[in-house]
Amino acid sequence: ESGLIENMAQTVALHTGYDFFRKEQQAPTGYIGSVKKVTIDKLPLLNETIITKAIILQEFMGVTMVSIRVFNKAEEVIASSEMKTVIAS
């Protein structure tokens, strides 16, 4: 379960880092501000590829609210959450 939550958090971090990369800026340090509505419906099988999709709900002044879903190879949602990340100032 904790690995799926970490996967979701790293997906949000990737979004933020890539956004700064596109602006040709150094990616800042960020923090998880909150984790809400976590559901773990199923664990992936050993060595199974998972796909994580994030939808940006809101971005404002270094705070990003994201809805995240993790899918298994059968395209079933196996985990989901909402996270808020904050860029360190």
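Figured I'd write up the structure that's included with this text.

Re the packing of aromatic side chains
Logical step 1: Following the criterion strictly, the structure yields one aromatic pair and no others.
Logical step 2: When the ring centre of Phe 20 is taken as origin, the NZ or CZ atom of Lys 23, which lies over that ring, is 5.1 Å away.

Here's the deal with the nonpolar core
Logical step 1: Judged by nonpolar contacts, Leu 4, Met 8, Ala 9, Val 12, Val 66, Ile 68, Val 70, Ile 78, Ala 79 and Met 83 together constitute the single largest core of ten residues.
Logical step 2: For this core, the elements supplying multiple residues, two or more each, are α1 (2-22), β3 (63-71) and β4 (77-87).
Logical step 3: Of the residues forming this core, the biggest block, four residues, is contributed by α1.
Logical step 4: With near-sequence residues (within four places) excluded, Val 70 lies in contact with Leu 4, Asn 7, Met 8, Ile 50, Ile 51, Thr 52, Glu 76, Val 77, Ile 78 and Ala 79.

Remarks on the pairing of strand β2 (residues 51-60)
Logical step 1: Pairing between β2 and β3: nine bridges, direction antiparallel. By the bridge assignment, Lys 53 is partnered in β3 with Arg 69.
Logical step 2: Hairpin geometry of β2 and β3 is characterised by an intervening segment of two residues between the two adjacent antiparallel strands and by a positive phi of about 50° at Met 61.

So, the pairing of β4
Logical step 1: With eight bridges connecting them, strand β1 (residues 30-40) and β4 associate as antiparallel partners. Following the sheet pairing, Lys 36 is matched in β4 by Glu 82.
Logical step 2: Sheet analysis places β3 next to β4, joined by nine bridges and oriented antiparallel. In the strand pairing of β4, Thr 64 is matched with Thr 85.
Logical step 3: With antiparallel pairing between neighbouring strands as the criterion, β3 and β4 make up a hairpin whose turn holds five residues, including Glu 75 at a positive phi of roughly 65°.

Analysis parameters
- Residues numbered from 1 in each chain as written.
- Predicted model: local features only at pLDDT ≥ 70, side-chain atom pairs only at ≥ 80, totals over all residues.
- Heavy atoms only, no water.
- Phe/Tyr/Trp six-rings, centres within 6.5 Å; stacked < 30°, edge-to-face > 60°.
- Lys NZ or Arg CZ within 6 Å of the ring centre and 35° of its normal.
- Core = buried A, V, L, I, M, F, W, Y, C linked by side-chain atoms within 4.5 Å.
- Buried < 20%, exposed > 50% of the residue type's maximum accessible area, 1.4 Å probe, protein only.
- Helix = DSSP H or I, 4+ residues; strand = E, 2+ residues; numbered from the N terminus.
- Contact = heavy atoms within 4.5 Å.
- Pairing = 2+ DSSP bridges.

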